[in-house]
Amino acid sequence: MNEKWLLAWQFGDNLGHLRGLSAIARARAADSGASFIATPDLDKVPQGLRHGFRGDWLCGPPEPKPPALSAELQRRYALDKGLWTYAQWLMLIGFNDVDYLSWQIAAWCRLITALAPDRVVINHSPLALIAACALKQRVTHVGTGLTCPPPSMPPFRT
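Keep in mind it's a predicted model, so treat the numbers as computed, not measured.

### Quick notes on the overall build of the chain
So, point 1. Helices and strands together make up the secondary structure of the chain, namely six helices and five strands.
So, point 2. The N-to-C order of helical and strand elements in the chain reads β-α-β-α-β-α-α-α-β-α-β.
So, point 3. By residue count, 41% of the 158 residues in the chain fall in the buried class.
So, point 4. Pairs at least 24 apart in sequence give 55% of the contacts found in the chain among residues at least 6 apart.
So, point 5. Accessible area of the chain: about 9000 Å², with a carbon and sulfur share of 58%.

### Topic: the nonpolar core
So, point 1. By size, the foremost hydrophobic cluster in this structure holds 18 residues, and its most contacted members are Leu6 and Trp108.
So, point 2. Of all the secondary structure elements, the ones that give two or more residues to this core are strand E1 (4-9), strand E2 (34-39), helix H5 (98-115), strand E4 (119-123) and helix H6 (126-134).
So, point 3. A per-element tally of this core places H5 first, with seven residues.
So, point 4. Once residues within four sequence positions are removed from consideration, Trp108 is found in contact with Ala8, Trp9, Gln10, Ala38, Pro61, Ser125, Leu127, Ala128 and Ala131.

Rules behind the numbers
- Residues numbered from 1 in each chain as written.
- Predicted model: local features only at pLDDT ≥ 70, side-chain atom pairs only at ≥ 80, totals over all residues.
- Heavy atoms only, no water.
- Helix = DSSP H or I, 4+ residues; strand = E, 2+ residues; numbered from the N terminus.
- Buried < 20%, exposed > 50% of the residue type's maximum accessible area, 1.4 Å probe, protein only.
- Contact = heavy atoms within 4.5 Å.
- Areas by Shrake-Rupley, 256 points an atom, 1.4 Å probe, with all protein chains shown as cover.
- Core = buried A, V, L, I, M, F, W, Y, C linked by side-chain atoms within 4.5 Å.

As structure tokens, then:
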């Protein structure tokens, strides 16, 4: 079956998440599967990572640069004491700003709709994940325990 996949990556400065998606894309190319990799900044992608990939590298929505959090929000969510949870990180990338979040998700929705992939593979891209689910896409979420906790993980109690 020759499916078209969109592989989405949005965060992580050391490119580890992108390396994993690149490996998936190369394996799919060996099986004649079409792949697109969307990343917020194509200039960050080294040529060595692009080597052997038969598909298209796309500039996805830009990495979120949300408005600064107020000192009150930073204290309320203990952000002034360091980053300890994924929820705190989500707050820092704009999950506290509905208008900003809506713009980011809409940008991913436009890209996904334009490509019409058969599957969206997500690695450290929570906004692409929300957009793909909203569009009822087949989604595969890959990553580490921080960005992709195991399904057996019990819910946190407050």
